[in-house]
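Here is how the chains run, residue by residue.
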Amino acid sequence: MSTKQCWIGTGRRKRAIARVRMVGGTGKITINNTPIEEYFPNAMLIMDLKQPLTITDNENRFDITINVNGGGYSGQAGAARLGIARALLSFDANTDQTREDSYRKVLKVNGLITRDSRVKERKKYGLKKARRAPQFSKR
């Protein structure tokens, strides 16, 4: 029985968590057992998700399976993007990281390794939302 090498990355954004599993292949991406074109309603989200692959020139080199839950489409796409970037880093871990063409340097320059930590602020009592106060009435 032959086992394929597998690289794993986890990404988080807002309330979404994505578990990315990357194996050598032809560039097929599935999210929750659904093709990427059917899962995301917007082509911009697909382009955003594929950004780490495009920058490192690996669009047709890996088959990627993503399990994602929580959040909305935008958060899920951002989480999957971070997961793909981290999986690419684990794929490239054995190469010399001081080289200019190492994946770590290329992804870091483009800001794809950094986790976007912005989350929704909690609602406070006496307010309508996190900071929105009720309308003031003089009379």
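Structural data are supplied above this passage.
Please read all numbers here as calculations on a predicted model, not as lab measurements.

The rules we used
- Residues numbered from 1 in each chain as written.
- Predicted model: local features only at pLDDT ≥ 70, side-chain atom pairs only at ≥ 80, totals over all residues.
- Heavy atoms only, no water.
- Helix = DSSP H or I, 4+ residues; strand = E, 2+ residues; numbered from the N terminus.
- Rg over C-alpha atoms; globule rule 2.2 N^0.38 Å.
- Buried < 20%, exposed > 50% of the residue type's maximum accessible area, 1.4 Å probe, protein only.
- Areas by Shrake-Rupley, 256 points an atom, 1.4 Å probe, with all protein chains shown as cover.
- Lys, Arg positive; Asp, Glu negative; His and termini not counted.
- Charge placed at Lys NZ, Arg CZ, Asp CG, Glu CD.

### Digging into the overall build of the chain
The helix and strand tally for the chain stands at 5 helices and 5 strands. Along its sequence from the N terminus, the chain presents helices and strands in the succession β-β-β-β-α-α-α-β-α-α. For a compact globule of 139 residues, the expected C-alpha radius of gyration is about 14 Å, and the chain comes in at 19 Å, more than 25% above that figure. The principal-axis extent of the C-alpha atoms belonging to the chain is close to 75 × 35 × 25 Å. Of all 139 residues assigned to the chain, the portion counted as buried reaches 34%. Carbon and sulfur atoms make up 50% of the accessible area of the chain, which totals about 9,400 Å². Mean positive and mean negative side-chain charge positions of the chain (28 and 12 charges, respectively) differ by 17 Å.

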